[in-house]
Amino acid sequence: MGRVIVHLDSNPKDKAIASIIGGYEKRVRNRGISIQASNARGREDYELELTNLPGKLVLLDERGEKINSEQMANWLNSAYIDSNTTNLAVGPHDGFSQKIRNSADRIFSLSPLTLTHEMAGALLMEQLYRASEINKGSQYHRK
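The paragraphs below set out a description of the structure included in this document. Note that this is a predicted model, so its numbers are computed, not measured. (Residues numbered from 1 in each chain as written. Predicted model: local features only at pLDDT ≥ 70, side-chain atom pairs only at ≥ 80, totals over all residues. Heavy atoms only, no water.)

With their axes 9 Å apart at the nearest point, helix 1 (residues 15-28) and helix 5 (residues 117-136) run at an angle of 25° to one another. Overall, the two elements helix 1 and helix 5 adopt an arrangement that is roughly parallel. Crossing handedness for the pair helix 1 and helix 5: left-handed. Residues Ile17, Ile20, Ile21, Tyr24, Glu25, Arg27 and Val28 of helix 1 form the contact with helix 5, whose own contacting residues are Glu118, Met119, Gly121, Ala122, Met125, Glu126, Leu128, Tyr129 and Ser132. The residue makeup of the contact of helix 1 with helix 5, split by class, is 10 nonpolar, 2 polar and 4 charged. (Axes fitted to C-alpha atoms, helices over the stretch in contact; angles between N-to-C directions. Helix = DSSP H or I, 4+ residues; strand = E, 2+ residues; numbered from the N terminus. Parallel < 35°, antiparallel > 145°, perpendicular 65-115°, else oblique. Left-handed = near helix turned anticlockwise from the far one by under 90°. Contact = heavy atoms within 4.5 Å. Nonpolar A, V, L, I, M, F, W, Y, C, P; charged D, E, K, R; others polar.)

See below:
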């Protein structure tokens, strides 16, 4: 079974957002999803760190592919089936460079709205929890 590692460019400074991210992390940890915060100094170092990771690289970017929760659940299921680790990266505050965007295996958009990288991390964690609940067939996600 493949793992999904969510990469953040740093630990959230906003305590309320950190609490939301931490709460969802606890919910998905036993489902093969974990979080890793980088200590990189700046976008270039963070991107270098990401490109050196083994496995697939999926970026979150407002210009990426727009998907709904059911499509996220299907994607998550395929990431579990894949034997490779999937690295799902939230961009730094100034976004990803075109170079790393070109090298990514896939790019998703959580919203056409511009979000802070911390809010994007919280929203991503909720959507990963929702996707795992859809895959379980629970009532958490109602149409």
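Our next topic: the packing of helix 3 (residues 69-81) against helix 5. Between helix 3 and helix 5, whose axes approach to 8 Å, the crossing angle comes to 75°. Comparing the axis directions of helix 3 and helix 5 gives the class roughly perpendicular. Facing helix 3, whose interface residues are Ser69, Glu70, Met72, Ala73, Trp75, Leu76 and Asn77, helix 5 presents Leu124, Gln127, Leu128, Arg130, Ala131, Ser132, Ile134 and Asn135. Residue composition of the contact of helix 3 with helix 5, grouped by class: 8 nonpolar, 5 polar and 2 charged.

With that out of the way, let us pick up helix 3. Compared with the 18 Å implied by 1.5 Å per residue over 13 residues, the 18 Å span of helix 3 between its first and last C-alpha is a close match. Where helix 3 is concerned, the buried positions are Ser69, Met72, Ala73, Trp75, Leu76, Ala79 and Tyr80. Buried residues of helix 3, seen end-on, are gathered within an arc of 165° and therefore sit on one face of the element. Exposed and facing more than 90 degrees away from the buried side of helix 3 are Asn74 and Ile81. (Expected span 1.5 Å × (residues − 1). Buried < 20%, exposed > 50% of the residue type's maximum accessible area, 1.4 Å probe, protein only. Arc of directions from axis to C-beta.)

Time to look at a nonpolar patch on the surface. A grouping of Leu113, Leu115, Met119 and Leu123 is seen on the molecular surface, where their side chains present a nonpolar patch of about 340 Å² in accessible area. On the secondary structure map, Leu113 appears in the loop between strand 5 (106-109) and helix 5. (Patch = residues over 30% accessible without salt bridge, like charges linked within 9 Å, V, L, I, M, F, W, Y side chains within 5 Å. Areas by Shrake-Rupley, 256 points an atom, 1.4 Å probe, with all protein chains shown as cover. Salt bridge = Lys/Arg side-chain N within 4 Å of Asp/Glu carboxyl O.)

Strands sit in the order 2-1-4-3-5 across an open sheet of 5 strands; the sheet is parallel. Two strands in the sheet have a free side with no partner beyond their single neighbour: strand 2 (33-37) and strand 5. Averaged over neighbouring strand pairs, the angle between their axes works out to 35° when direction is ignored. As paired strands, strand 3 (residues 56-66) and strand 5 are joined by 5 bridges and run parallel to one another. Along strand 5, the bridge assignment pairs Lys66 with Ser109. Packing against the sheet, helix 5 makes contact with strand 1 (4-8), strand 2, strand 3 and strand 4 (86-90), and its axis sits at approximately 140° to strand 4. (Pairing = 2+ DSSP bridges.)

Among the 5 residues of strand 4, 5 are classified as buried, and the element is accordingly described as predominantly covered. Side chains Thr86, Leu88 and Val90 of strand 4 all project onto a buried face; the interleaved residues Asn87 and Ala89 project onto the opposite face, where all are buried too. In this sheet, strand 4 lies alongside strand 1 in parallel orientation, the contact comprising 4 bridges. Bridge pairing in strand 4 places Val4 opposite Thr86. As judged from the 5 bridges shared by strand 3 and strand 4, these two strands associate in the parallel manner. Each bridged residue has a counterpart across the sheet, and for Lys56 the counterpart in strand 4 is Thr86. Regarding the hand of the β-α-β motif, the stretch spanning strand 3, helix 3 and strand 4 is right-handed. (Right-handed = clockwise from strand over helix to strand, strands pointing away.)

Here Arg101 lies in helix 4 (residues 98-103). When sequence neighbours within four positions are dropped, the list of residues in contact with Arg101 reads Leu59, Asp61, Arg63, Phe96 and Ile107.

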